[in-house]
Amino acid sequence: MHIVSSGLVRSFLKQLWLPVMVVAVLWVATARSGSFYFPPLSEMAGALWTGLTEGDLKGDLVFSLRNIALGTVIATVVGVGLGAVIGEYDRLRRATAPLLDFARATPTVAFVPVIILTLGIGAAPKVLLIFIGSVWPILLNTISGVHGINPAVRESARSYRIPWRLRLLKVVLPGALPQIFAGVRIALSVAVVLMVVSEIYGSPVGLGNFILRSGSSFQVTDTWAGTILIGILGYSLSLLLLVCEHALLGWYFQRPPRARRAARPRADHSSGHDAAQHADQNADQNEVS
């Protein structure tokens, strides 16, 4: 547990140092900006805070976040379920590969006018659009992860006559989880983009609509504030997914004993080599116990 928490802290630091540095540089560089189109970052932050506390920006954020959550959750359930079944059977995987490649290559943005004309401007078409765009990376990564499981593991599970449902829950899905999380990470970025596009072209509420209204009325500071909020939203969702990934895949991020031993410096004399070898043996015994 300590290894997982320390690894999570290091991952957070690696994720946060560059954005913090960029914000600090922009804050200083734009402090004396007199441009109408590029106001100081402090004014953007003030407009963002005012919109969240006193304006309608909080309601727009909740609406957009709910659409992203619903669309991504549905896409994850459908993508993982279908991907596990397709990845388990080679014939089914080869038969569906051309169709899946064609569907993945089709730009989801092209469905925006059709979906809006068919379903209207409520929340349902936004969720459907996010689902259509997010399901493909999850589905394809799940298929790849399930298909890439070591054949020896599959044969061992079959030789012990483990039922298919138990094999799916205990062998197949845990082995494919690293690639499933990679697909969900891609799907989240796609979901944020589709959320903005769908709300710009057919919604009376949401962050995309807020940006459209602000830009149409030449409220440049508010437009930048909405754009920054979308970036913060996408980045926060990525960090949340990172936490879930470390919580569920702690075994995947831990270094094996051999890697830890290889990273240690070798002693120059024989007595030091014997002592290091004895320490490695004790460490292995403690890990086994």
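Coordinates for the structure precede this section.
Cut-offs used in this document
- Residues numbered from 1 in each chain as written.
- Predicted model: local features only at pLDDT ≥ 70, side-chain atom pairs only at ≥ 80, totals over all residues.
- Heavy atoms only, no water.
- Axes fitted to C-alpha atoms, helices over the stretch in contact; angles between N-to-C directions.
- Helix = DSSP H or I, 4+ residues; strand = E, 2+ residues; numbered from the N terminus.
- Parallel < 35°, antiparallel > 145°, perpendicular 65-115°, else oblique.
- Contact = heavy atoms within 4.5 Å.
- Nonpolar A, V, L, I, M, F, W, Y, C, P; charged D, E, K, R; others polar.
- Buried < 20%, exposed > 50% of the residue type's maximum accessible area, 1.4 Å probe, protein only.

## Observations concerning the packing of helix H3 (residues 57-88) against helix H4 (residues 90-105)
Helix-helix packing: each pair is described by the crossing angle between the helix axes and the interaxial distance. H4 packs onto H3 with a crossing angle of 115° between their chain directions and a minimal axis gap of 5 Å. When the axes of H3 and H4 are compared, the pair comes out roughly perpendicular. Facing H3, whose interface residues are Val-85, Ile-86 and Glu-88, H4 presents Asp-90, Leu-92, Arg-93 and Thr-96. Looking at the contact of H3 with H4, its residues break down into 3 nonpolar, 1 polar and 3 charged.

## Brief notes about the environment of Leu-139
If you trace the backbone, Leu-139 turns up in helix H6 (residues 123-147). Among the residues examined, Leu-139 registers a relative accessible area of 4% and is labelled buried. The sequence separation of Leu-139 and Ala-75 amounts to 64 residues, and the corresponding C-alpha distance is 8.5 Å.

## What to know about the side chain of Thr-108
Along the chain, Thr-108 falls in the loop between H4 and helix H5 (112-119). Leave out the neighbours within four places in its chain, and Thr-108 touches Leu-129, Ile-132, Gly-133 and Leu-194.

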